[in-house]
Amino acid sequence: MFRNHLKIALRSLMKHRLYSLINILGLAIGIGACLALIQYVKFERSYDAFHEKAERIYRVKTDYVRNGKVVFDAADNFAGVAPALKDEIPEVLEAVRLYNEGAKNNPVVTVSERGLASRSFKESRLFFADPGFLSMFSYPLLKGDEATALSEPNTVIITESTAKRYFQEQDPLGKTIQLTNNEGDEHFCTVTGVLEDIPANSHLKFDVLVSYKTLHQRDFERHEESWRGRDLYLTYILLKEGVKPSNVAAQIPAIRDKYKPGYAVLEENGVRLRINNFTLQPLESIHLNSHFLNEVGPPGNPGIVNLLEVIALFILIIAWVNYVNLTTARAVERAKEVGIRKVMGGNRRSLMGQFFAESFFYNLAAVVLGIWLVQLTKAPLEAFIGQNLGFSIFSDTNSWFLILGILIVGTFVAGIYPAMVLSGYRPVRVLKGSFKSSSQGNALRKSLTVFQFAASVALIAGTIAIYYQIQYMRSQDLGFNQDHLLVFEQPNLLDSTIALREQKLERMEAALDQNPYVKQITRSLVVPGNLNETGIVIKREPSDDLDDAQVANFLYVDNNYVETYEMELLAGAYFNKSYRDSAAVILTESAAAMLEFSSPQEAVNEFVYLFGRQPMQVRGVVSDFHQESLKEKVAPSVFLVRPEASRYFSLRVSRDNLSEGIVAIEKSFADVFPAFPFEYFFIDDYFNRLYQDDIRYGRMIAVFAGLSIFIACLGLFGLASFMVVQRKKEIGIRKVLGATIGQILALLSRSYVFLLLLASLIGLPVAYYASSKWMENYAYRIDLGWWFFVVPLLLMGLIAFVSLSYQSLRAAFANPIDALRQE
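Residues numbered from 1 in each chain as written. Predicted model: local features only at pLDDT ≥ 70, side-chain atom pairs only at ≥ 80, totals over all residues. Heavy atoms only, no water.

Caption draft 1: Quick peek at the overall build of the protein. Each helix and strand counted, the protein has 26 helices and 25 strands in total. Across the 823 residues that make up the protein, the buried fraction comes to 52%. Accessible area of the protein: about 37400 Å², with a carbon and sulfur share of 56%. (Helix = DSSP H or I, 4+ residues; strand = E, 2+ residues; numbered from the N terminus. Buried < 20%, exposed > 50% of the residue type's maximum accessible area, 1.4 Å probe, protein only. Areas by Shrake-Rupley, 256 points an atom, 1.4 Å probe, with all protein chains shown as cover.)

In structure tokens:
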């Protein structure tokens, strides 16, 4: 029986090649797009799941609560937290620390091995780690002993790709590397292990791990058991089997109060005023649920991941709907086939089996083609959107179960309606020629088309909203002039004193000052685009009571920073250039308002107090500026003159002969620092990288929204085909009676206009709500005005018109004699 069904399905395919091609292509694109999106969603949700003990590993983060409200969360805490939790809580099996040297101290690794030229590498992904790190996490060690690799000072583990960068094809074990940083620290470390490259779905991404005991050589008290300052120490704990995390979390406040008295402050009436607490975060939740200060890498976006999952489902449903529409569009053509088969003894069960077999055949062909399309387009699609989609179809058993599920469900969903309807035709009516489509069938097809229209309009509206929001953020005034600002990091200097390091940096500044291509020079700890994670407590009046103090971002700069960045001076003056103006500050407009100055002019020459005690005179007030992206609200900021704390040189360069100017700057750099590589960036490019995630997600949504719209257009083509066949004789009669081509086109398109308007009434409010919720993530956002409703409707109308044009024009230009000949 199955063989017979297969033969009939193949004959039907060959007889109706165009319909079969559209059916299979629509299903294949839908299944392929769905597979691609589901694979990406699964990849995003699989972060850190590869660790064998992942379910028992938790990260300890810091919560800052003021007056019952969480002010901010931080991923890091104190150096002493890990050993205290391990010693004080019996349920904690292991606790390890990571010190984020790469983010803190701009480390450089120098390799000088026999047979290799001496080379230096900036390593932003370098951490110090406790010995228990390798036993807690499941990062495979290719070479070395897991138990001892990080147990001694001055030992280091590197990844496989890093080993090739450092030592090419030589065996890295036992080799020595030199580690330096911008604080003047220097360590000669022996390579004791080589790890596999870190998986892409790990929230911890590193290239170099140095033993934590190496930090003891810098400052034992600070790095071992200190509770003095939160300073990029990441703490992870491993619970014993069967232990509830809530039981461990309940014991942490007492440990905090023991080791850090006063870290939680209560009012006299017992109401909590200020609480700084440590909370547990499951390892596998970090990637999608961790938008905290001092994260080790960019977090994922759970909202976008959920949205892509919904889009994947919509695309698949639209593809199945198309199959139903295209199959029922041929109902009139297949009615006599069904009638004859019933007369010859065929029953409804066998006919339903035939249509289910056809559905299975089409879905199977579409699945195979869809998988091939996914693999074919994987590389160009990833290049376009700038994101690894995490495909693992051929290596992941779960992916095959997903594909099998899509095949089975698709066969049933796409085949059930055609099987029920076509197998139910009465042979007498069909063979007499009195068969016509039922009103219920027409209603269902129109309902399915409305669903396709609504989904398409909503996706178009959402894509346009994302595009305009990104363009809005990239085009806004940032509060400073970002044109032709070249920035480079100052080199790591190993001089024994700050004074000697400052002398070399001043020589660098003097050399640049003589460069004709450089107009202005400044130095600073951070530049716009850096996440400024340092706050300072500031008050209008001196006081040791800081409960009512305000917190502002503080920016270490030199005397020229505000002028070089061309920030608008609202009142007062810039920093004095004739001497080190270290007893003065410049406030931003929002900082002055936060300190309750009635105007910028009132703040000038007044004193403010850092940490409630240190007096600083307000030299001037500048307009607010964006240190971070427009996702974040402008933070009140305070500029302090501390050039010795700088990390960056910022140069306002000439617009003319820019390439020659960069060469000249590189030469000036090489004259002062011949041993260091010159690496630079322009501040506008650097700032725009903050929107890379938004751009990437926007492109992903646009691509897959486009695919869903294309599939929906195939559905329109099918419905138009059905309508033209049904109204063929009516069109012939109208043409004989004098109807024009335009009137025929209007007749055939009228119903679709109504369906499109109805779909817009459903889809656009949904899109508006979803877009509005998404916009809440941005402090500065566009207004969703009339264009949000009109533009998607017009675009969808144009797309629908193009989709319908072929069948409508074909019917309008057809010879009416051909349509009426059967009468």
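Caption draft 2: Inspection of the packing of aromatic side chains at higher detail. Taken as a whole, this structure holds 39 aromatic pairs when the rule is applied. Ring centres 6.5 Å apart and planes at 70° place the aromatic pair F480 and F687 in the edge-to-face group. Separated by 207 residues along the polypeptide, F480 in the loop between α15 (439-475) and β15 (485-489) and F687 in helix α21 (residues 683-688) bring together distant segments of the chain. The pair F480 / F687 is uniform in exposure class, with both members buried. Relative to Y691, the ring of F687 has its centre 6.4 Å away and its plane inclined at 65°; by these criteria the two rings are edge-to-face. A relative accessible area of 0% places Y691 in the buried class. Cluster of aromatic residues (ring-pair linked, three or more members): F480, Y561, Y565, F625, F639, F687 and Y691. (Phe/Tyr/Trp six-rings, centres within 6.5 Å; stacked < 30°, edge-to-face > 60°.)

Caption draft 3: Expanded view of the packing of helix α3 (residues 81-88) against helix α9 (residues 252-259). Viewed as axis vectors pointing N to C, α3 and α9 meet at an angle of 120°, and their least axial separation amounts to 11 Å. By the angle between their axes, α3 is oblique relative to α9. In the crossing of α3 with α9, the sense of the turn from one axis to the other is right-handed. Across from A84, L85 and E88 in α3, the residues of α9 making contact are I252, I255, K258 and Y259. Each residue belonging to the contact of α3 with α9 can be placed in one class, and the counts come to five nonpolar, no polar and two charged. (Axes fitted to C-alpha atoms, helices over the stretch in contact; angles between N-to-C directions. Parallel < 35°, antiparallel > 145°, perpendicular 65-115°, else oblique. Left-handed = near helix turned anticlockwise from the far one by under 90°. Contact = heavy atoms within 4.5 Å. Nonpolar A, V, L, I, M, F, W, Y, C, P; charged D, E, K, R; others polar.)

Caption draft 4: The arrangement of the pattern of salt bridges in detail. Counted by the stated rule, this structure contains 19 salt bridges. The closest approach of N and O atoms between K258 and E88, which form a salt bridge, is 2.7 Å. Of this pair, K258 sits in helix α9 while E88 sits in helix α3, and the two are 170 residues apart along the sequence. When its relative accessible area of 29% is taken as the criterion, E88 is described as partly exposed. Residue D130 is joined to R97 by a salt bridge in which the shortest nitrogen-to-oxygen separation is 2.9 Å. (Salt bridge = Lys/Arg side-chain N within 4 Å of Asp/Glu carboxyl O.)

Caption draft 5: Highlighting the nonpolar core. L308, Y565, M567 and F639 are the most contacted members of the largest nonpolar core, which totals 105 residues. The element contributing the most residues to this core is α15, with 14 residues. Those residues within four positions of L308 in sequence are excluded, and the remaining contacts are L37, Y40, V41, M700 and I701. Judged by nonpolar contacts, the second largest core, of 26 residues, contains A129, Y139, L204 and I286. (Core = buried A, V, L, I, M, F, W, Y, C linked by side-chain atoms within 4.5 Å.)

Caption draft 6: Representation of the confidence of the model for the protein in the model. The share of residues in the protein with pLDDT of 70 or more is 82%, and the mean pLDDT across the chain is 82. For residues 267-273, every residue scores under 50 in pLDDT, and the model assigns this stretch ten contacts once sequence neighbours within four places are set aside. (pLDDT = per-residue confidence, 0-100.)

Caption draft 7: Examining helix α6 (residues 160-167) more closely. Listed as buried for α6 are T162, A163, Y166 and F167. Looking straight down α6, one finds its buried side chains confined to an arc of 105°; they lie on one side. Elements that come into contact with the buried residues of α6 comprise β4 (108-111), β5 (119-122), β8 (155-159), β9 (176-180), β10 (186-195) and β11 (208-211). The first or second residue beyond α6 is Q168, which carries a positive phi of 55°. (Arc of directions from axis to C-beta.)

Caption draft 8: Quick look at the environment of S46. For S46, the location among the structural elements is in the loop between α2 (17-44) and β1 (57-66). Classification of S46 by relative accessible area gives buried; the value is 19%. For the pair S46 and N201, spaced 155 residues apart in the sequence, the C-alpha separation amounts to 6.6 Å.

Caption draft 9: Up close: the environment of G174. Take G174: it is sitting in the loop between α6 and β9. Each C-alpha atom of the pair G174 and G193 lies 8.8 Å from the other, and the pair is 19 residues apart in sequence. Once residues within four sequence positions are removed from consideration, G174 is found in contact with T190 and V191.

Caption draft 10: Structural detail: the packing of helix α23 (residues 728-736) against helix α24 (residues 741-775). In contact at an axis separation of 11 Å, α23 and α24 are set at 150° when each is read in the N-to-C sense. In terms of orientation, α23 lies roughly antiparallel with respect to α24. The element α23 and its partner α24 pack so that their crossing is right-handed. Contacts from E730, I731, R734 and K735 of α23 reach α24 at I744, L747 and L748. Class assignment for the residues of the contact of α23 with α24 results in four nonpolar, no polar and three charged.

Caption draft 11: Focus on a nonpolar patch on the surface. A cluster of nonpolar side chains, contributed by Y768, W786, F789, V790 and L794, occupies part of the molecular surface with about 530 Å² of accessible area. Tallying contributions element by element places helix α25 (residues 787-813) first for the nonpolar patch, with three residues. In this structure, W786 sits in the loop between α24 and α25. For W786, a relative accessible area of 63% corresponds to the exposed category. (Patch = residues over 30% accessible without salt bridge, like charges linked within 9 Å, V, L, I, M, F, W, Y side chains within 5 Å.)

Caption draft 12: Up close: the pairing of strand β12 (residues 233-239). Judged by how many residues are buried, β12 sits mostly within the fold: seven of seven residues are covered. Burial along β12 is two-sided: Y233, T235, I237 and L239 facing one way and L234, Y236 and L238 facing the other are all buried. Inspection of the sheet shows strand β3 (residues 92-99) paired to β12 by seven bridges, in the antiparallel sense. By the bridge assignment for β12, R97 is matched with T235. (Pairing = 2+ DSSP bridges.)

Caption draft 13: Region of the structure containing the environment of E88. Between the C-alpha atoms of E88 and Q251, which are 163 residues apart in sequence, the distance is 8.8 Å. Among residues more than four places away in sequence, those in contact with E88 are I255, K258 and Y259. A distance of 2.7 Å separates polar atoms of two side chains, one belonging to E88 and the other to K258. (Polar contact = N/O pair within 3.5 Å; in protein donor to acceptor, adjacent residues only side chain to side chain.)

Caption draft 14: Region of interest: the side chain of S211. Examined against the element boundaries, S211 turns out to sit in strand β11. Accessibility expressed as a relative area gives 0% for S211, which makes it buried. A distance of 2.7 Å separates a polar side-chain atom of S211 from the backbone oxygen of E152. A polar contact is formed between the side chain of S211 and the side chain of T214, at a distance of 2.8 Å. Setting aside residues no more than four positions away along its own chain, S211 makes contact with F128, A129, L150, E152, P153, N154 and T155.

Caption draft 15: Focus on the side chain of K175. Note on placement: K175 falls in the loop between α6 and β9. Side-chain polar atoms of K175 contact the backbone oxygen of D171, separated by 2.8 Å.

Caption draft 16: Structural view of the pairing of β3. β3 sits mainly inside the fold: seven of its eight residues count as buried. Bridge count between β3 and strand β6 (residues 126-129): two bridges; the pairing is antiparallel. Within β6, the position partnered with L98 by the bridge is A129.

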